[in-house]
Amino acid sequence: QVQLVESGGNLVQAGGFLRLSCAASGSLFNFRAIGWYRQAPGKQRELVATFSTSDSTNFADSVKGRFTISRDHAKNTVYLQMNSLKPEDTAVYYCNGQPWYGDDSWGQGTQVTVSS
C-alpha cells in the first residue's frame with residue numbers, strides 16, 4: 001500500500017495562507033483519486049479538495065475561490081494551497097488516496113489552526 005505523509009500545517013492568522021504537501025511513497029498514478037479532507041473538533045471528516053480520474057477537481061463549497069489543489073508527478077506530491085484562511089478552516093487536514101483496487105490510504109494528518 002502506498003504511504004501518504006502530510007506536512008505544512010501551522011498556526012496562522014485569519015487572512016493568511018498556508019501550503020500543505022502530501023508526499024506519496026509511490027506514483028500518484030496508483031490512485032484513481034487523491035486529495036484532501038479535514039476534520040474539525042467535534043465534527044465529521046469532510047472533503048476539502050480532490051483530483052479524480054480524468055484530472056477533474058472537486059472542492060468543498062466553503063473553500064471554492066480560496067483553496068487550490070495541484071500535484072507534481074515527478075515528486076509524487078499533492079499540494080493544497082490555502083489562501084484567505086478563516087478561523088473555521090481550523091482542523092486536522094488529511095491526505096487521502098483511493099487506489100484502483102483495495103482500501104484507501106490516509107496520511108497521519110497535519111494541524112492547521114487559524115486565529116482570529
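Residues numbered from 1 in each chain as written. Predicted model: local features only at pLDDT ≥ 70, side-chain atom pairs only at ≥ 80, totals over all residues. Heavy atoms only, no water.

A. Looking closely at the side chain of asparagine 96. Position of asparagine 96 among the secondary structure elements: in strand 9 (residues 91–99). For asparagine 96, the side chain forms a polar contact with the side chain of aspartate 104, separated by 3.2 Å. Apart from the residues within four sequence positions on either side, asparagine 96 is in contact with Leu4, Ala33, Ile34, Gly35, Tyr37, Asp104, Ser105 and Trp106. (Helix = DSSP H or I, 4+ residues; strand = E, 2+ residues; numbered from the N terminus. Polar contact = N/O pair within 3.5 Å; in protein donor to acceptor, adjacent residues only side chain to side chain. Contact = heavy atoms within 4.5 Å.)

B. Local environment of the pairing of strand 8 (residues 77–82). Among the six residues that make up strand 8, five are buried, leaving the element largely enclosed by the rest of the structure. Taken together, the six bridges between strand 3 (residues 18–24) and strand 8 define a ladder with antiparallel strand orientation. For serine 21, the partnering residue across the bridge sits in strand 8 and is tyrosine 79. In the sheet, strand 7 (residues 67–72) pairs with strand 8 via six bridges, with the strands oriented antiparallel. Residue pairing in the sheet places aspartate 72 in a bridge with threonine 77 of strand 8. In this structure, the hairpin formed by strand 7 and strand 8 is closed by a connection of four residues, where asparagine 76 is found at a positive phi of approximately 50 degrees. (Buried < 20%, exposed > 50% of the residue type's maximum accessible area, 1.4 Å probe, protein only. Pairing = 2+ DSSP bridges.)

C. Structural view of the packing of aromatic side chains. Applying the stated criterion across every chain yields a total of two aromatic pairs. Between tyrosine 37 and tryptophan 106, the aromatic rings sit 5.3 Å apart at their centres with planes inclined by 65 degrees, giving edge-to-face as the arrangement. Remark: tryptophan 106 occurs in strand 10 (residues 105–106) and tyrosine 37 occurs in strand 4 (residues 31–39); sequence separation between them is 69 residues. Taking the relative accessible area as the measure of exposure, tyrosine 37 reaches 16% and is therefore buried. Relative to tryptophan 106, the ring of tyrosine 94 lies with its centre 6.4 Å away and its plane at 85 degrees, an arrangement referred to as edge-to-face. (Phe/Tyr/Trp six-rings, centres within 6.5 Å; stacked < 30°, edge-to-face > 60°.)

Note that all results are geometric; they support no functional claim without further evidence.
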